[in-house]
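Descriptive structure summary
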Amino acid sequence: MIEYAIRHSEKWVKALLEHLEMLVATMIISVILAAILTMAAMSSKIISKMLVHVFSVIYSIPSLALFAIMIPVTGLGKGTAIIVLIIYNQYLLLRNFITGLNEIDPSIVEAATGIGMSNIQVLFQVRLPLSIKTLFTGIRLAVVSTIGMATIAAFINAGGLGSILFDGLRTMNVHKILWGSLLSAGLAIGANALLLQIEKKIYKFKLD
Amino acid sequence: MSLTAIEFNNVSKKYSQSGDYVVDHVSLSIYEGEFVTILGSSGSGKTTLLKMINRLYEPNEGTIKLFGEDITTVDPVKVRRRIGYVIQQVGLFPHMTIAQNVAIVPKLLKWNKSKISTRVDELLSLVGLEPQEFRNRYPSQLSGGQQQRIGLARALATDPKIMLLDEPFGAIDAINRLNLQDELLRIHGGLKKTFLFVTHDINEAFKLGTRVMIMNKGRICQFDTPSHIVKNPADDFVSSLIYSSREQERFWEGLD
């Protein structure tokens, strides 16, 4: 098995890099989009409820089905995969972002407003720094979920670690199946552990 | 007669269409330099009345003027920056140091750094905290009484002409509360500001106020100097308030 990995190192390194590329592109766009949607959500309770509801419905669609639905629209390949992954992430990110920003002690928000901060100033100078931990949790969950779903994206020719796994399944090659699963699972577990360590270092402010 | 700092003209507020008035057609004038305490039980409308002044709540009817200017014609953020605001829960920003908390409004107004720094030291000394010792601490490292002193310093930062205080000492123990009351009187005396102080403690209201406004069910029962109120209570509610306070005194004397 080790021997197999060494012999085909070029192949799985390429797949791993493809996987990471999809992850990074997805996460950057997801966070920017979620930040914009969160700003809209903070401006009105109705928009907030609507957005979370819409994305929760989409989130409940199985990923393979959503990948398939998108093929006629945006075709096969990495682009389609990234679009779908971004859409899935919005639910995880939005829910955490909105909860985080709203869980601030109301008396702190009242004081901030009362002494003359505008809504934008309250958002960026008070709500955001105080909810950073919850925001980061959302990003961690989205990273782990993206790594997992990106594996399935190999079905629509997006490449990545899923392609090794599916190759193995098609040709009944045990080595490929094992390495495909190990690498994708390892990446998800590793990323989660790393981000959890960072998250623990973020101090959660509380007023006694 | 001095300038009218705060003027209410037939102001009403209710929270739902069908509900009762929380503040019921109130008209009043408060002059510059007065220390007015608003006394009432919970639900009397005293906090609502206060929060309409800095536009945290908007009245349904009537007009409110500050120094002759109708506040609905001014951007609420600008109105608030001209008014000091202190609340019972203090609401210090836990992610900022004491100095940063006090400096928040001057920073929003883009004062320069040295001016802000001098002002912070000045304010910390004013509220009785040693600047060198407290500047770089965080709110969680302070006692409740010290936190409220910082809340007071933050509200005074830009030298506002009007200060609104919403039960600021409500959560502070009796000994510290007496100290803070005395300091507040000293600060008011030295600054010639208009203070509006909400409380449900009759002793606090009569001790601090140059005039006391007694509220019940959204209306002002009586608005007069402490000695006038004690001599001529306007209605049964005011009489019963004074009676209950006297009863308590008698209780203490009985223990002696």
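Please read these numbers as outputs of a predicted model, since none were measured by experiment.

What counts as what
- Counting restarts for each chain, with residues numbered from 1 along the sequence as it is written.
- Whichever chain is written first is A, and whichever ligand is written first is 1; the rest continue in order.
- The predicted origin of the model limits local features to residues at a pLDDT of at least 70 and limits the giving and counting of side-chain atom pairs to 80 or more, whereas totals for whole chains, interfaces and linings rest on all residues.
- Calculated side-chain values reflect all of the structure's heavy atoms, with hydrogen atoms and water omitted.
- UniProt positions are given in the numbering used here, feature names are shortened, and annotations may be inferred rather than shown by experiment.
- Numbering of helices and strands runs from the N terminus; a helix is a DSSP stretch of H or I covering at least four residues, while a strand is a stretch of E covering at least two.
- Side-chain rings of Phe, Tyr and Trp (the six-membered ring for Trp) are treated as a pair once their centres are within 6.5 Å; stacked means planes under 30 degrees apart, edge-to-face means over 60, and tilted covers the remaining angles.
- Exposure classes here rest on a 1.4 Å probe applied to the protein chains alone. A residue is buried below 20% of its type maximum, exposed above 50%, and partly exposed in between.
- In this analysis, axes come from line fits to C-alpha atoms, helices being fitted only over the stretch in contact, and the angle between any two N-to-C directions falls in the range 0 to 180 degrees.
- For classification purposes, angles smaller than 35 degrees are called roughly parallel, those larger than 145 roughly antiparallel, those between 65 and 115 roughly perpendicular, and all remaining angles oblique.
- The sense of a crossing depends on the near helix, which, turned anticlockwise from the far helix by less than a right angle, makes the crossing left-handed and, turned clockwise, makes it right-handed.
- Contacts are assigned to residue pairs that have any heavy atoms within 4.5 Å of one another.
- Three classes are used: nonpolar for Ala, Val, Leu, Ile, Met, Phe, Trp, Tyr, Cys and Pro, charged for Asp, Glu, Lys and Arg, and polar for all others, with Gly counted as polar.

**Things to note about the UniProt feature "domain: ABC transporter" (unreviewed entry) in chain B**
In the numbering used here, UniProt assigns the "domain: ABC transporter" (unreviewed entry) feature to residues 6–242 of chain B. Span residues 6–242 of chain B is 39% helix and 24% strand, its end C-alpha atoms 27 Å apart.

**Re unusual backbone geometry**
Residues and elements named next belong to chain B. Positioned with a positive phi, His25 is a non-glycine residue whose angle comes to about 45°. Checked against the element boundaries, His25 lands in strand S2 (residues 23–31). The backbone of Arg55 shows a phi angle near 60°, a positive value even though the residue is not glycine. Inspection of the secondary structure puts Arg55 in the loop between helix H1 (46–53) and strand S4 (61–66).

**Description of the packing of aromatic side chains**
Taken as a whole and assessed by the stated rule, the structure comprises eight aromatic pairs over all chains. Note on Tyr59 of chain A and Tyr88 of chain A: the rings are 6.0 Å apart at their centroids and 75° apart in plane angle, and the pair reads as edge-to-face. Placement of Tyr59 of chain A in helix H3 (residues 45–59) and of Tyr88 of chain A in helix H5 (residues 78–102) is noted, with a sequence separation of 29 residues between them. Residue Tyr88 of chain A is classed as buried on the basis of its relative accessible area of 1%. Taken together, a centroid distance of 5.5 Å and an interplanar angle of 80° make the contact between Tyr15 of chain B and Tyr57 of chain B edge-to-face. With Tyr15 of chain B in the loop between strand S1 (4–13) and S2 and Tyr57 of chain B in the loop between H1 and S4, this pair connects stretches of sequence that are 42 residues apart.

**A look at the packing of helix H4 (residues 63–74) of chain A against H5 of chain A**
Residue and element names in this part refer to chain A. Where H4 meets H5, the closest approach of the two axes is 9 Å, and the angle between their N-to-C directions is 130°. Overall, the two elements H4 and H5 adopt an arrangement that is oblique. With respect to the hand of their crossing, H4 and H5 are arranged in right-handed fashion. On H5, the residues touching Ser63, Leu66, Phe67, Met70 and Thr74 of H4 are Thr80, Ala81, Ile83, Val84, Leu85 and Tyr88. The residue inventory of the contact of H4 with H5, partitioned by class, reads eight nonpolar, three polar and no charged.

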